[in-house]
Amino acid sequence: MSSKHWLMKAEPDSRIVKGKDVKFSVDDFESVKTTPWEGVRNAEARNLMKEMKVGDKVLFYHSNCKTPGIAGFAEVSKEAYPDYTAWDSSHPYYDAKTDKANPKWYMVDVTFIDRAPHFVPLSLLKSIATASDLVEEVSYIGDEGAKAIKGMALVTRGRLSVQRVDEETWKVIGKLAERGGWPEGQTTALKKSSETKTKPKVKGNQNRRGKKITADDSSGDTKDEDDPAEEKTRTSNIASPTTESAGAKRSQGRKRKASDVEIDAQPRRSTRTRK
């Protein structure tokens, strides 16, 4: 049976929960090599982990941080078993409603394989997914590659911390990570769609009844909402800076979303012992 492919999220920035730092970055992952993926407290994500088999491939994703994206590659090294941290009252993700006799939560062990030679930011993937045509910098993935990116759960429903990835998408992400080609911190510039067309200016005295002009949305303002109660966390040295959109700067009278930050309802991930 051929291996399946998955995406699993972790928090790269320090965040203290119950006195413990739950960060788990690609640096931490590379250091520990193998880690239990504990702390998942979402039923769908748990069920996906229970489907995993030894040898399944994993995209390691930095979440709930300024520059979310794919930072490395890993594989499943132990199939699902009860997540004992749910019974530990001192653990950040303790669940009083579960017990050893009737475990509710499960986890798998995941082993680090390699870093992504080029960090693949979420903003780049969303730019590809919403572009009308591929720009030259990433044209090597082809139209079929762009179609695969458009179908990613990360793009269509980013909140879940454990996601399926089909084989074609895995190959496309591998190409992007290997070849790169986009200017760091300028992934929004790769967007080539009708949204980039210049709108005519409206004069101050012109009648604008029925039309409210607002700042244009940009991928820099788009946030991928992860399920915080199920992610690993840690600080990334490879996350590239994002560019704040000029449109957002002009926006007035409106409360702006947290820029470039994935908000996790209950950020999750790792409190495993550091060595």
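To keep things clear, this report deals only with the structure shown in the data block.

Conventions used here
- Residues numbered from 1 in each chain as written.
- Predicted model: local features only at pLDDT ≥ 70, side-chain atom pairs only at ≥ 80, totals over all residues.
- Heavy atoms only, no water.
- Helix = DSSP H or I, 4+ residues; strand = E, 2+ residues; numbered from the N terminus.
- Buried < 20%, exposed > 50% of the residue type's maximum accessible area, 1.4 Å probe, protein only.
- Polar contact = N/O pair within 3.5 Å; in protein donor to acceptor, adjacent residues only side chain to side chain.
- Phe/Tyr/Trp six-rings, centres within 6.5 Å; stacked < 30°, edge-to-face > 60°.
- Pairing = 2+ DSSP bridges.
- Axes fitted to C-alpha atoms, helices over the stretch in contact; angles between N-to-C directions.

1. A short note on the side chain of Asn-42
Inference 1: Along the polypeptide, Asn-42 turns up in the loop between β4 (34-36) and α2 (43-51).
Inference 2: Asn-42 gets classed as buried once you look at its relative accessible area, which sits at 18%.
Inference 3: Polar contacts involving the side chain of Asn-42 include one to the main-chain amide nitrogen of Glu-44, which spans 3.0 Å.

2. Some details on unusual backbone geometry
Inference 1: Even without glycine at this site, Lys-33 takes up a positive phi of about 70°.
Inference 2: Of note, Lys-33 is situated in the loop between α1 (26-32) and β4.
Inference 3: A positive phi angle, close to 55°, is found at Asn-64, a residue other than glycine.
Inference 4: With a relative accessible area of 17%, Asn-64 lands in the buried category.

3. Digging into the packing of aromatic side chains
Inference 1: Counted according to the given criterion, the structure contains seven aromatic pairs.
Inference 2: Between Phe-24 and Phe-60, the ring centres sit 6.1 Å apart and the planes meet at 85°, which makes this aromatic pair edge-to-face. Note that Phe-24 is positioned in the loop between β3 (20-21) and α1 and Phe-60 in strand β5 (residues 57-62), a separation of 36 residues in sequence.
Inference 3: Centroid distance Phe-29 to Phe-112: 5.5 Å. Interplanar angle 70°. Geometry classified as edge-to-face. With a gap of 83 residues between them, Phe-29 in helix α1 and Phe-112 in strand β7 (residues 106-121) connect regions that are remote in the sequence.

4. A closer look at the sheet that holds β5
Inference 1: Sheet architecture is open: six strands sit in the order β4-β7-β6-β5-β1-β8, paired in mixed fashion. Looking along the sheet, the strands with just one partner apiece sit at the ends: β4 and β8 (162-165). Across the sheet, the mean angle from the axis of one strand to that of its neighbour is 35°, orientation sign disregarded.
Inference 2: Strand direction decides the pairing type here: strand β1 (residues 5-10) and β5, joined by six bridges, are parallel.

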